[in-house]
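# A closer look at the structure
As a plain string of letters, each chain reads:
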Amino acid sequence: MATRDQALGELEGASKSRARVVNDFSINVATVNGSGSQSANSVLLKSIFGMGVPVSGKNLFPSNIAGLPTWYTIRASKDGYVARKREAEVLVAINPETARQDTLSLPAGGVAIYEENLNLKQYRDDVTFYPVPLDKITAAICPEAKLRKLVRNMVYVGVVAQLLTIDLAVVENGLRKQFAKKVKVFELNFGAVKAGFDYAAQTFTKQDPFYIERANKTAGKIIIDGNAACGMGAVFAGVTVVAWYPITPSTSVVEATTDLLKKFRVTPDGKATFAVVQAEDELAAIGMVLGAGWAGARSMTATSGPGISLMAEFAGLGYYAEIPGVIFDVQRTGPSTGLPTRTSQADLLSTAFLSHGDTKHVVLLPGSVKECFDFGYAAFDLAERIQTPVFVLSDLDLGMNNWMSDPFAYPEKPLDRGKVLSAEDLNKLGGFARYKDVDGDGIGYRTLPGTRHPKAAYFTRGTGHTESAAYSEKPEDYIANMERLARKFENARKLVPGPVAVKNGTSKIGFLAYGSSDFAIRESLDEIKAQYGQNVDYMRIRAYPFSHEIHDFVASHERIYVVEQDRDAQLESLLKLDLPAEQVVKLRSILHFSGLPLDAESVTEEFATKEGLAVNAAAHVDDMEVHEGAIAS
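This one's a predicted model, so the numbers in the text were calculated from it and none came from an experiment. (Residues numbered from 1 in each chain as written. Predicted model: local features only at pLDDT ≥ 70, side-chain atom pairs only at ≥ 80, totals over all residues. Heavy atoms only, no water.)

Counting residues in each nonpolar core, the largest one holds 95 residues, and the members touching the most others are M300, F328, L364, F511, L512, I541 and L575. The element best represented in this core is helix α14 (residues 369–386), accounting for 10 residues. Non-local contacts of F328, meaning those with residues more than four positions away in its chain, are made with C230, V253, M300, T301, A302, T303, G376, F380 and V392. By size, the runner-up hydrophobic cluster in this structure holds 51 residues, among which are Y72, V160, F186 and F204. (Core = buried A, V, L, I, M, F, W, Y, C linked by side-chain atoms within 4.5 Å. Buried < 20%, exposed > 50% of the residue type's maximum accessible area, 1.4 Å probe, protein only. Helix = DSSP H or I, 4+ residues; strand = E, 2+ residues; numbered from the N terminus. Contact = heavy atoms within 4.5 Å.)

Running from amino to carboxyl end, helix α2 (residues 37–50) crosses helix α6 (residues 168–178) at an angle of 125°, the nearest separation of the two axes being 9 Å. With respect to α6, the axis of α2 lies oblique. Where α2 crosses over α6, the two elements pack in a sense that is right-handed. Across the interface between the two elements, S39, S42, V43, S47 and G50 from α2 touch V170, V171, L175 and Q178 from α6. Here the residues of the contact of α2 with α6 sort into four nonpolar, five polar and no charged. (Axes fitted to C-alpha atoms, helices over the stretch in contact; angles between N-to-C directions. Parallel < 35°, antiparallel > 145°, perpendicular 65-115°, else oblique. Left-handed = near helix turned anticlockwise from the far one by under 90°. Nonpolar A, V, L, I, M, F, W, Y, C, P; charged D, E, K, R; others polar.)

Under the criterion given, the structure shown has 39 salt bridges. Between K194 and D198 there is a salt bridge, with the nearest N and O atoms lying 2.8 Å from each other. Residue K194 and its partner D198 are located together in helix α7 (residues 183–203), separated by four residues, close to a single helical turn. Residue K194 is classed as partly exposed on the basis of its relative accessible area of 33%. Exposure remark for D198: the relative accessible area of 25% places this residue in the partly exposed category. Between E572 and K576 there is a salt bridge, with the nearest N and O atoms lying 3.6 Å from each other. Taken together, the positions of E572 and K576, both in helix α20 (residues 570–578) and four residues apart, correspond to about one turn of that helix. The buried category is assigned to E572, whose relative accessible area is 8%. Via salt bridges that share partners, R298, D381, E384, R417 and R446 belong to a single interconnected network. (Salt bridge = Lys/Arg side-chain N within 4 Å of Asp/Glu carboxyl O.)

Moving on to the sheet that holds strand β14 (residues 362–364). Taken in spatial order, the seven strands line up as β11-β10-β12-β13-β15-β14-β20 in an open sheet, and their pairing is mixed. Looking along the sheet, the strands with just one partner apiece sit at the ends: β11 (275–278) and β20 (543–544). Pairing of β14 with β20, which is carried by two bridges, proceeds in the antiparallel orientation. For V363, the partnering residue across the bridge sits in β20 and is Y544. Relative to the sheet, helix α10 (residues 282–294) contacts β10 (241–244), β11, β12 (299–303), β13 (325–331) and β15 (389–395), its axis offset from that of β12 by approximately 160°. (Pairing = 2+ DSSP bridges.)

Before going further, it helps to examine the packing of aromatic side chains. All told, the structure shown has 16 aromatic pairs when counted by the stated rule. Summarising the aromatic geometry, the rings of F236 and Y410 are spaced 5.2 Å apart at their centres and angled 85° between planes, so their arrangement reads as edge-to-face. Taken together, the positions of F236 in helix α8 (residues 226–236) and Y410 in the loop between β16 (402–405) and α16 (423–429) put the pair 174 residues apart, joining distant regions of the chain. What makes F236 partly exposed here is its relative accessible area of 34%. A residue is classified by how much of its surface remains accessible, and Y410, at 64% relative accessible area, is exposed. Three or more aromatic residues joined by ring pairs form one cluster here, namely F236, F373, F408 and Y410. Sitting over the ring of Y211, R20 keeps its end group 3.9 Å from the ring centre. Directly above the ring of Y211 sits K206, whose terminal nitrogen or CZ lies 4.6 Å from the centroid. (Phe/Tyr/Trp six-rings, centres within 6.5 Å; stacked < 30°, edge-to-face > 60°. Lys NZ or Arg CZ within 6 Å of the ring centre and 35° of its normal.)

Turning to the sheet that holds strand β22 (residues 587–591), a few remarks are in order. With mixed pairing, five strands are arranged side by side in an open sheet as β17-β19-β18-β21-β22. Only two strands of the sheet have a single partner each, and these edge strands are β17 (500–503) and β22. For this sheet, the mean angle separating the axes of adjacent strands, direction not counted, is 25°. Bridging between β17 and strand β19 (residues 537–541) involves three bridges; their strand directions are antiparallel. Each residue of the ladder has a partner; that of V500, found in β19, is R540.

Attention shifts here to the pairing of strand β18 (residues 509–514). Strand residues, when the strand is regular, have side chains that alternate between the two faces of the sheet. By the criterion of burial, β18 is predominantly enclosed, with six of the six residues buried. Burial of β18 is two-sided: the residues I509, F511 and A513 facing one way and the residues G510, L512 and Y514 facing the other way are all buried. Here β18 pairs with strand β21 (residues 559–564) via four bridges, running parallel. Note that in β21 the partner of G510 across the bridge is I560. In this structure, β18 lies alongside β19, joined through five bridges in parallel fashion. Among the inter-strand pairings, G510 is bridged to a residue of β19, identified as D537. What joins β18 to β19 is helix α18 (residues 517–532), and the crossover it makes is right-handed. (Right-handed = clockwise from strand over helix to strand, strands pointing away.)

This is the structure in structure tokens:
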């Protein structure tokens, strides 16, 4: 037997002795920004989804136009986990600049599929390697040199599909949907997929344990990103004015909203019943939003941290003059430019108190794409009900990445315009005082411009005013107004979405978190139970001001870990301002602020360290035996 055949036989024998890993691993595709890999990665993700396997995709990309490294990770999880995994077991290495480091980052027993010219075998002897002549395959099937860079990516889709046993018919179906109106584009791309699939089938004998097998866990599900979901929610809520300035990672909120408005908010004769305005900057954008809100339109903008900073003065005007408007903040890292294409939750404090003076804003905190849709809708009702700017805080991970979800429910409740007086109302009342608290909830009644009644007019003031909207610098008038605004904010606790008690049993320890941290925490709860035999309760916060259920949750536990994606424990800080003093001492922090999405392992390890836990000895021995077996194979 030849040396190569003998080595191959040894690898095959080792492979057979290793346990199969089915529908439970991550794929990391390492390319360069601007290489056109986005379509290929989307096809790969949707193909796994089409096999009935729960899946999520995360794009880690640089903040330049082209040329720098980018990574796209796809997680398949038979248990439905969708948070980022710290390690990816399968690597598709296309970028020469990062190929060595990407290979070294693989766990022992991992897989590397790569352009054969990179010669990655020299770096590891505990990883399975599949070298593929991507350039040669591409040149053979694509005569046009200009298209080869794009087609080349589809070749690795075919290779991965064959090696992981993804049904080629499922890949074909996904491609047909993606290029439904471009038959020639489909044919060229599927030809590349087929070429990669055939090459892998003819060349490689499978030496690794990773498989995608058909399941039935995605039936009825959809794949969507949070920004698109926010846009859909806004359109269902009846938004008619959108003012914005482009900024990563929020731009696609407005793009999704605009596309839907063009489709559903145009009269039969082609006239738009909406306005989308790209302002000269974020300051102008929120000014337009408040102007439209004052005039009675449902209006919105979308931005990120730097834009939020610019909106401070107008946000204070909206709060004090009590004008509705919705601001979507898709958070990224800072300060300053920071890492503009990395995720974060570090805008919470600045947004809650945005502007100068005593200002408090209503903030909604969606934790899934479904809630991006739901809160994108609810924010407009709340803004008009409470008569104030309402902020919806998403983040880059939730906003720009692909998530599996149940379909969104069609809203059944009518739009809530809040306390708006018509001419008929004024005839009955004889008049009104704009800033008078009639009902004890701190919210006054308003009229809309154009209401045909002599008593409908009032001054909208950003300066001191009486309850009748007359100018005033009297201390008693200012105090009365500020106390009413505080009363209104306090009443909002009952109007905003309440928290979700994800797990609330008999544990003395609890987790509090919000937003996209939810995915990692849910998985971490299972890890803590499996590794340490300990149950931990968990409540997910969905809005500020905090509802009283959060107070009760803290009061019913001895220790509370506040998990968040920022350096300065901003959620914990807000809770400390809100909770009774004797409860504050229970709070502890688990912080993650690398710019990468939070992973379950990080939460579990930090919790175990702070609690002084030791891994169960028997479980630890079993883990070591499996790990050593993987290395040996």
